[in-house]
Every structure is written in C-alpha cells, then in structure tokens.
Amino acid sequence: FFYRIKIITFIFPFLLILPQMERGVAKVIGGDPKGNNFLYTNGKCVIIRNIENPAIADIYTEHAHQVTVAKYAPSGFYIASGDASGKIRIWDTTQKEHLLKYEYQPISGKVKDIAWTEDSKRLAVVGDGREKYGAVFLWDTGSSVGEVSGHCKLINSVDIKQTRPYRLATASDDTVVSFFEGPPFKFKFTIRNHSQFVNCVRFSPNGNHFVTAGADGQIFIFDGKSGEHVGSLGEEKAHKGGIYAVSWSPDSSQLISASGDKTVKLWDVGAGTAVTTFNMGSDVLDQQLGCLWQKDHLLSISLSGNINYLDKNNPDRPIRTVKGHSKSIQCLTVHKHDGRSYIYSGSHDGHINILSNDCFSGKGHSNLVSKMVPNEADELVTCSMDDTLRYTSINKKEYSASDVVKMDFQPRSVSVASGGLSLAVCIGQIVLLKDKKKVFTLDNLDYEAEVGVIHPGGTTAAVGGKDGTIRLYSIQGNTLKDESKTIKVSGQIMDMAYSNDGAHLAVIDEKKVATAFSVADDYSVKNEFYGHHAKPVTLAWSPDNEHFATGGMDMMVYVWTVADADKRIKIPDTHRLHHVSGLAWIDENTLVTSSHDASVKQWTIIY
C-alpha cells in the first residue's frame, strides 16, 4: 500500500548553487540572447538563473562528467554545454525536460569555451585534447566546417563575429591568438601581442572589433574584419593582475574586464580609458574570474563563487551579491525562529549558508561540515573535519572564536539535548559536553563509533558503530555510564535519530534497512522498512513523530510510517544523478532535501 503523494518542487531550491571556481582559471558565464537569463556550471550541472530575480532558477543535470562551459544559441531555443571529457550536448531550453537534441565529441579533453554563429547553425568548441585543441562543425550533423589550428597548447577561449563576413578568433595558453576567416573557417595568421597565457577573446556585438585579455594584465583591441591591431586599454597595463574575462556592452562602445587584482573595470573602448573601477575586496577569494554585461546588468564572479551585481554609481558596493555553495552540500537542518523556518546547509569546503541568500560573517570551519543541529540556546552546533565543534549564534549570524571547541580527534557527528548538553562522536572517542565545555570523554573504545544521539529527555545517549551495534549510555550528571545494553541491526550504522517526543529511535544501516525501535518497550523493534536500492545515508523525523524520512545513494527519499511498514511514500530521482546528503522537516507536510549537486529542494508531502 502506497500513500497518495503530491510533490511540489519550488523553483527557489536552486538558489544555493554557485559557480564552481578554481583559482587562476577563468569562469565563462553565458547570457540569454533575449536578456532574461544567465547561466554557468557547477559539477555535473548547468544552472540557469533569471537575471532580474536570481532566486528563480533551473538546472540541467544530464552530463556524466563535470560540465565546464555552457552557451545559449543566438536563437535562444537551445543551449550547448561542454564537459571535462570533451563531450558537447545541445539541448532544448523551451521545455522543462530540456530534451537532448544532439550530442558530439569534437575534442578528447576538457571543453574550455563554446561559440555559435549568429544563425545558430555552427559551433566552435575549444579546450584541451590529444590530437587537436578545437573544432568547428554544423550543429545538426556534426560535419566539420573548418579547422582550428595554429596552437601548440590548450585553447582557453573562442569567439565568432556575429555579423557577416564571419571571423573566428582563439586564445591559448601558448600566449598567442589565432585569427580565422570562413566558413569554412581557415587559419589566416597568428597574433603575438601577449607575453603570458591569453585567457579570453571576445568580438563586439556589432562585429567591428574584438579584444583579447591575458595573464599579463593586458587588453588589446583588433579590427573585427581584418584582425589588424588597433590599440589597447589602459596606459601601461589594463590591470595589475591577470585578466580572466571581458564582456562587451550591448552597444559595443564599452566593456567590462574581470581580474585577479580583485577589481572589475568598466572601459570606454574608443578612448581606451577606464571609466569606473569596481573594488571587490581584499581577500584572495575576492579575485574576479568571470563577468557578463547583459542589458543594464553588469555581473562578475568572485573566486568564492559569489555572483556580484555591479553598481556604476557605487563601485565599492555591489547592488546585490548572490551567495550560496560552490561545493557539495554535506548536511542540512531547519531552525524555527519568530514564527519563521530557516534552512541551514553545510558544504564540503566548510561554508554554512542560510537559505535566504545569507551566511554567517567572520571565519568559520575550514573543512567539510559533517553534521549540524540547532540547540535550545538558538545556536547552530556544527562539527567539521577541521577537528572542531562550533556553537554559532543564530541571532547574531556571526562566527565567534570563543565558541569553538577543539576536539582531540575528528568529529563525525554531533547531537544536542536540553540543559546545554552536546554529544560528539569522534574517530576513536566519544565526548560529552555541557555549556560548550568538555565534561566527559570515553577513550580506547573496543568498537568504531559512527554516530551518536542524545534522547530528548537528556538521560540516554545512543552510539551506533561500524559493527552494526548500538550501545546505550546513561547520562548521569557530567558522565556517561555504559549500561551494557546493546541493540543489533543488520549492518554498519549510517545515521540514527530519536523522534522529537522520544518515543522511538530510528536507525538506517548499510544493508539498506531502516528500523524503528520503541524506547518504552526496552528498545524492541517496532518495524523494519525496506525500499532503498543503495545504502541510505541520512535520516530525519517528521514533527508529527509518526513518520520519518530517509535518503540515500540511490538518489531516492522514502517517507516511512512508524506504525505500518507498508505505508510509505517514495520520491524517486530526488536529486538526479546525485545522492541525497541531508534531510530536514519544516513542518509535517514540508520536507527539505540537499545533495552533492549543491542544491536544496523543498517538497510538499500530502498523506
């Protein structure tokens, strides 16, 4: 028997996914020819955002390898995206399903850039490869319409003049720019103005000019038709650091450039001078690796992954900064405050995000956040692979050095209860804390502890082991006493949690079994639940205490009914091609899920 289910995926869930960034590597942002959307990549996903309201977003997840670049066709009906294996997928933008139109393998290595001709019939693809570093072909047959040659190292950037006669230019790590005429596109000559890597080449919308930008801090201007050098931007150099991206204004009179010197500059191309310099900060994460000029919007991307909406009238403060995660989300929790629910997520790089385009200020965790839970003092308690527990004030939204507890070993999980209690399960150690201070430690364990939870009453701690055994400890004052009471399940314990009323303990194990134990009946088995095809990794109780959800490596989420193992709700493909990493309930009908695709989704469950 299956419950009737209505699942609603809101559009805002993808708010958290930022571009995946790498220091010293340019990030290409694609623009919608209609001016409504922009797109970028993260992991195996392409993210499409509304430029007016970036909370409205869509995601494409069909690549088998890391996606490196995506570009709209000038018609606006298709997007071409390239991945680390050299594969190009051309897919529909008008339907929610994003149906695949064509798939090609033009090069054998990572795709770095894509360009379309203005009639949306031809594509140029460049990057890394064994035999060649680029290709030009017809979009509907894959037939070659020229040869990309003239380079001896990987090609970073390509662009095609959007007016006839067509011209094509490429920029490479070999410090040169190649110029082509076509179609069919044929190599004409090499441009050797740069002294270091050339990171970007872009034609103006009207086709009169193209510019090249490099790691030498220089931007050179060339005639769009002949390829003749006509000038440069700035005096000695355009930027003090390497330049990673440029983007033209719609009227072709100005452009913006993004640099590792932590600035974005707005240029008057005719005069060759900077009109405005946007200072983006002083931290290394404020380096600017990508930019886009779309309609009236000037966007840049920081090394942190933050997307900045630049303000010409106030160059030191962006109009808006889109924040979130650029690495996979590892854990999730919900905290209610002043009648509102706030979703917190922690990622692989130690970043914690609040799902309202916000985050804590100051310096937080420096490594993967493995577990998070709010306590009764309105603090977010988190444990991390940086060997610390943190107690961060939810109201102040600020990290504090005084609220960090350094652990002897790496913590795997943390649980809280009333009275200021916390339980941290570390590799080879169990630690009881009270009011943010260690009060008791269990060392030299004869088993490998994986996860621990405190009963809501604060009297019992349950610790699950790799051996498939749960050991119960009584909390007596500031000590843990082994009660010699054990509970056996079928395999290594992946996660477990007490219901909010303390009546049941739910456990998931590597053998794909979920089990509910009745606390009042001496932890006897209430029910066992089967359904996952791969091991479940996360578990969360509904506020109604009658249901709990599990999510796993099979990309599925199940909502189980404690009293009846046959009454279950299945959400398949919760996060397509990515396993579920976190679960939390906003209320008894609203479930939130997170995944390694760096997204958070909200589901409405009707029983």
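- The protein chain appears in an unreviewed UniProt entry as WD repeat-containing protein 1 from Scophthalmus maximus.
- UniProt lists a comment for the protein chain under the heading Sequence similarities (unreviewed entry), and it reads "Belongs to the WD repeat AIP1 family."
- Under the heading Subcellular location (unreviewed entry), UniProt records this for the protein chain: "Cytoplasm, Cytoskeleton".

### Re unusual backbone geometry
Logical step 1: The omega angle of the peptide bond from Arg164 to Pro165 is -5°, so this bond is cis rather than trans.
Logical step 2: By secondary structure assignment, the location of Pro165 is in the loop between strand S12 (155-160) and strand S13 (167-172).
Logical step 3: Here the amide bond leading from Pro183 into Pro184 is cis, since omega sits at -10°, within 30 degrees of zero.
Logical step 4: Tracing the chain through its elements places Pro184 in the loop between strand S14 (177-181) and strand S15 (186-191).
Logical step 5: One non-glycine residue, His98, lies in the positive phi region at around 50°.

### Observations concerning the pairing of strand S32 (residues 369-374)
Logical step 1: The element S32 is extensively covered by neighbouring structure, given that five of its six residues are classed as buried.
Logical step 2: With five bridges joining them, S32 and strand S33 (residues 379-384) adopt antiparallel strand pairing. Counterpart to Pro374 in the pairing with S33 is Leu380.
Logical step 3: The turn joining S32 and S33, which pair antiparallel and follow one another in sequence, is formed by four residues; a positive phi near 55° is taken by Asp378.

### Focus on the pattern of salt bridges
When the charged atoms of two side chains lie near each other, side chains of opposite charge can form a pair.
Logical step 1: A full pass over the atoms with the stated rule returns 20 salt bridges.
Logical step 2: With a shortest N-O distance of 2.6 Å, Glu62 and Arg576 are connected by a salt bridge. Placement of Glu62 in the loop between strand S4 (57-60) and strand S5 (67-72) and of Arg576 in the loop between strand S51 (564-571) and strand S52 (580-587) is noted, with a sequence separation of 514 residues between them.
Logical step 3: Here Asp573 and Arg576 are joined by a salt bridge, their closest N and O atoms 3.3 Å apart.
Logical step 4: Each of Glu118, Asp119, Arg122 and Arg164 takes part in salt bridges that share partners, so that together they form one network.

### What about the environment of Val198?
Logical step 1: Structurally, the position occupied by Val198 is in strand S16 (residues 198-203).
Logical step 2: In sequence terms Val198 and Ser144 are 54 residues apart; their C-alpha atoms lie 25 Å from each other.
Logical step 3: Residue contacts for Val198: discarding those within four places in its chain leaves Asn156, Ala171, Ser172, Thr175, Val176, Val177, Thr212, Ala213 and Gly214.

### Quick look at the confidence of the model for the protein chain
Logical step 1: With 97% of its residues at a pLDDT of at least 70, the protein chain reaches an overall mean of 94.
Logical step 2: Across residues 1-14 the pLDDT falls below 50, and counting only partners more than four positions away or on other chains, this stretch makes 49 contacts in the model.

### Things to note about the sheet that holds strand S46 (residues 513-518)
Logical step 1: Strand order in the open sheet formed by four strands is S44-S45-S46-S47, with antiparallel pairing between adjacent strands. Each edge of the open sheet is held by one strand with a lone partner, namely strand S44 (493-498) and strand S47 (524-530). Put simply, the sheet's adjacent strands are angled 20° from each other on average, direction ignored.
Logical step 2: Pairing of S44 with strand S45 (residues 504-509) involves five bridges; the strand directions are antiparallel. Note on S45: the bridge partner recorded for Ala497 is Ala506.

### With respect to the pairing of strand S7 (residues 88-92)
Within a regular strand, the side chains alternate between the two sheet faces.
Logical step 1: Burial of S7 is extensive: five of the five residues sit out of reach of the surface.
Logical step 2: Neither face of S7 is open: one carries Ile88, Ile90 and Asp92, the other Arg89 and Trp91, and all of them are buried.
Logical step 3: Across five bridges, strand S6 (residues 78-83) lies against S7 in antiparallel orientation. Within S7, the position partnered with Ala80 by the bridge is Ile90.
Logical step 4: Between the end of S6 and the start of S7, which pair antiparallel, lie four residues, with Gly86 showing a positive phi angle near 95°.
Logical step 5: Relative to strand S8 (residues 100-104), S7 runs antiparallel, the two sharing four bridges. Residue pairing for S8: Ile88 is matched across the bridge by Tyr104.

### Some thoughts on the packing of aromatic side chains
Logical step 1: Counted according to the given criterion, the structure contains 18 aromatic pairs.
Logical step 2: Residues Tyr102 and Trp139 carry aromatic rings whose centres are separated by 5.3 Å and whose planes lie at 90° to one another, so their mutual orientation is edge-to-face. Residue Tyr102 is located in strand S8, and its partner Trp139 is located in the loop between strand S11 (134-138) and S12; the two are separated by 37 residues in the primary sequence.
Logical step 3: Classification of Tyr102 as partly exposed rests on a relative accessible area of 23%.
Logical step 4: Ring centres of Trp541 and Phe548 lie 5.2 Å apart, and the angle between their planes is 45°; on these two criteria the pair is classed as tilted.
Logical step 5: Among the residues examined, Phe548 registers a relative accessible area of 0% and is labelled buried.
Logical step 6: Members of the aromatic cluster, connected to one another through ring pairs, are Tyr78, Tyr102, Tyr104, Trp116, Phe137 and Trp139.
Logical step 7: Sitting over the face of the ring of Phe77, Lys34 holds its NZ or CZ atom 5.2 Å from the ring centroid.
Logical step 8: Directly above the aromatic system of Tyr309 lies the positively charged group of Arg320, at a separation of 5.2 Å from the ring centroid.

The rules behind the values
Residues numbered from 1 in each chain as written. Predicted model: local features only at pLDDT ≥ 70, side-chain atom pairs only at ≥ 80, totals over all residues. Heavy atoms only, no water. UniProt positions renumbered as here; feature names shortened; annotations may be inferred. Helix = DSSP H or I, 4+ residues; strand = E, 2+ residues; numbered from the N terminus. Buried < 20%, exposed > 50% of the residue type's maximum accessible area, 1.4 Å probe, protein only. Pairing = 2+ DSSP bridges. Salt bridge = Lys/Arg side-chain N within 4 Å of Asp/Glu carboxyl O. Contact = heavy atoms within 4.5 Å. pLDDT = per-residue confidence, 0-100. Axes fitted to C-alpha atoms, helices over the stretch in contact; angles between N-to-C directions. Phe/Tyr/Trp six-rings, centres within 6.5 Å; stacked < 30°, edge-to-face > 60°. Lys NZ or Arg CZ within 6 Å of the ring centre and 35° of its normal.

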